[in-house]
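Here is how the chains run, residue by residue.
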Amino acid sequence: MYLAQSLRHGLRRGSSLQPSRDLRRGVATLTAADVEQAKRYCVNQLKQFSYESYLVRHFVPPRAQDAYDALRTLNLELARLPETVSNPSIGRFRMQFWRETIEKVFAGNPPKEPVSILLHKAITDLKARSGGSAANSLKFWALRLINTREQYMDNRPFTSLAALEEYAENTYSSLMYMTLAAMPLRSVHVDHLASHIGKACGIAAVLRGVPVLAARAQPNPTNPSGTPLERISTPALLLPLDIMAEVGLREEDVFRKGPSAEGLQDAIFNVATRAHDHILTARELLKNLQAGEDPGHEFEHEGELEHVYSSSSDQDAAADIQRGFGVLLEAVPTASYLNNLGQVDFDPFKVKRSWKLPWDMYQATRKREI
């Protein structure tokens, strides 16, 4: 799936990131220099190719920052796989590589590449602080992220808006659950907020990708900021098929006509409305919980794997939200994008990133609002 400005850049592995190895144990022994170099690499990847994540990382609790940097860089790598492999078999091989990498990292034997090194450091610190339970949760979400990315790496349209929401839950919400686990913070209410925010982020990510993936069929394609894009052979449109059918949108029209395709803006509006609904729901839920009131509706995923909570987790919602608020700031860039999309009449080819985004995030933190 698409992430902004990441299509042409594979994950570079510097030959200097070579942890020493204790041959008696067969386990990588990492130095502080190895970890620092891996951290610089991951942060630089976010700054260049996922600027919104780069902003959010500054508000994530310090104990969870290494995990955040590593996992968001992993997400970048997974997101650009469909654009950087020549055939599906190679893509599946790369996904299997990352599954095996996660297994090795959690077994204490990380491969010699930056994401693994930094994630290993984060997991080691997490286990020292809180034991193995939170680390096991993080591993569960990481594998779910990889498996879901693999399921959709052929860039086919979602069968329905509900399928898109499920994808968003299993990717972007999972990324937020991982950050919370890295703190660690297990709270039914914070997870509930993260679920709605993650769904909005995942849906918005698909909308952001429309100009880039569909523009492959256009001469001299550019991204929304006007930067020329490297031509890739096969165009794609990931909008849900049920929404496209409802408004009479045909993908070949988008490939040929771009923003002039009949029904495109109606389809974008319908999908964006669902993302905005999740943002509004999260805001109302946050307001209720901060006021000590009932959430207003139940968490639909409560009781599922890694969403089982003790009775005590329901008792101090305000304190949990205060601890995890930085993680919830993922809502701010998505809300900004949706607002900008509405201002250009739901033409995704015209949306530009708001220069006020850092200020908006600061204000959200100060006011404890999303």
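Residues numbered from 1 in each chain as written. Predicted model: local features only at pLDDT ≥ 70, side-chain atom pairs only at ≥ 80, totals over all residues. Heavy atoms only, no water.

### Quick look at helix H14 (residues 357-367)
Here is step 1: If you check which residues of H14 are buried, you get Leu-357, Met-361, Gln-363 and Ala-364. All buried residues of H14 fall inside an arc of 165° around its axis, so they share one side.
Here is step 2: Packing partners of the buried residues in H14 comprise helix H2 (51-57), helix H12 (317-328) and helix H13 (331-343).
Here is step 3: After H14 finishes, the residue Arg-368 shows a positive phi value of roughly 55°. (Buried < 20%, exposed > 50% of the residue type's maximum accessible area, 1.4 Å probe, protein only. Helix = DSSP H or I, 4+ residues; strand = E, 2+ residues; numbered from the N terminus. Arc of directions from axis to C-beta. Contact = heavy atoms within 4.5 Å.)

### Quick word on a negative patch on the surface
Here is step 1: Taken together, the side chains of Glu-284, Glu-293, Asp-294, Glu-298 and Glu-302 make up a negatively charged region of the molecular surface.
Here is step 2: Mapped onto the secondary structure, Glu-302 falls in the loop between helix H11 (264-290) and H12.
Here is step 3: Taking the relative accessible area as the measure of exposure, Glu-302 reaches 46% and is therefore partly exposed. (Patch = residues over 30% accessible without salt bridge, like charges linked within 9 Å, V, L, I, M, F, W, Y side chains within 5 Å. Areas by Shrake-Rupley, 256 points an atom, 1.4 Å probe, with all protein chains shown as cover. Salt bridge = Lys/Arg side-chain N within 4 Å of Asp/Glu carboxyl O. Lys, Arg positive; Asp, Glu negative; His and termini not counted. Charge placed at Lys NZ, Arg CZ, Asp CG, Glu CD.)

### Regarding the environment of Leu-126
Here is step 1: Looking at where Leu-126 falls in the secondary structure, it is placed in helix H5 (residues 114-130).
Here is step 2: Spatially, the C-alpha atom of Leu-126 lies 9.4 Å from that of Ala-67, the residues being 59 residues apart in sequence.
Here is step 3: Here Leu-126 is in contact with Gly-131, Ala-134, Ala-135, Leu-138, Ala-181, Ala-182 and Pro-184, once residues within four sequence places are set aside.

### So, unusual backbone geometry
Here is step 1: Between Met-183 and the following residue, Pro-184, the backbone shows a cis peptide bond with an omega angle of -5°.
Here is step 2: Backbone geometry at Glu-306 places phi at a positive 65°, although glycine is not the residue there.
Here is step 3: Note on placement: Glu-306 falls in the loop between H11 and H12.
Here is step 4: On the basis of relative accessibility, which here comes to 24%, the residue Glu-306 falls in the partly exposed class.
Here is step 5: Although it is not a glycine, Phe-346 adopts a positive phi angle of roughly 60°.
Here is step 6: Looking at where Phe-346 falls in the secondary structure, it is placed in the loop between H13 and H14.
Here is step 7: The class of Phe-346 is buried, set by a relative accessible area of 18%.

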